[in-house]
Amino acid sequence: MSLGSYDEQEHERRERKNSSMDLSEDDTRSSYQGSVEFESGNSTEELLDQFHEITDE
């Protein structure tokens, strides 16, 4: 068995597995109540500068 045939067989196995999954009614999203607060204290310019420093590395 070559590596190429293994990849193809693995892909086909996963496709069969994924297509046979049973989605029940319990798989619906739950409703959440509450709030989220986020305070970074940084200005937009400071955050952009930090982003550029990270991406330039």
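Higher on the page you've got the structure.
Described below are features of the structure shown in this document. (Residues numbered from 1 in each chain as written. Predicted model: local features only at pLDDT ≥ 70, side-chain atom pairs only at ≥ 80, totals over all residues. Heavy atoms only, no water.)

1. Things to note about the overall build of the protein chain
When helices and strands are tallied, the protein chain shows 2 helices and 0 strands. Among the 57 residues that make up the protein chain, the fraction classed as buried is 2%. Just so you have it, the protein chain exposes about 6200 Å², and 47% of that area is on carbon and sulfur atoms. (Helix = DSSP H or I, 4+ residues; strand = E, 2+ residues; numbered from the N terminus. Buried < 20%, exposed > 50% of the residue type's maximum accessible area, 1.4 Å probe, protein only. Areas by Shrake-Rupley, 256 points an atom, 1.4 Å probe, with all protein chains shown as cover.)

2. Looking at the pattern of salt bridges
When charged atoms on two side chains of opposite charge get close, those side chains can pair. Evaluation of the coordinates by the stated rule reveals 2 salt bridges. Members of the salt-bridge network, linked through shared partners, are Glu 10, Arg 13 and Arg 14. (Salt bridge = Lys/Arg side-chain N within 4 Å of Asp/Glu carboxyl O.)

3. Describing a negative patch on the surface
Side chains of Glu 45, Glu 46, Asp 49, Glu 53, Asp 56 and Glu 57 sit close together on the surface and give a patch of like negative charge. Turning to its location among the elements, Glu 45 is positioned in helix α2 (residues 44-56). (Patch = residues over 30% accessible without salt bridge, like charges linked within 9 Å, V, L, I, M, F, W, Y side chains within 5 Å. Lys, Arg positive; Asp, Glu negative; His and termini not counted. Charge placed at Lys NZ, Arg CZ, Asp CG, Glu CD.)

4. Section: the environment of Glu 10
By the element assignment, Glu 10 lies in helix α1 (residues 3-19). Taking the relative accessible area as the measure of exposure, Glu 10 reaches 18% and is therefore buried. Polar contacts involving the side chain of Glu 10 include one to the side chain of Arg 14, which spans 2.7 Å. (Polar contact = N/O pair within 3.5 Å; in protein donor to acceptor, adjacent residues only side chain to side chain.)

That is the geometry; function is a separate question.
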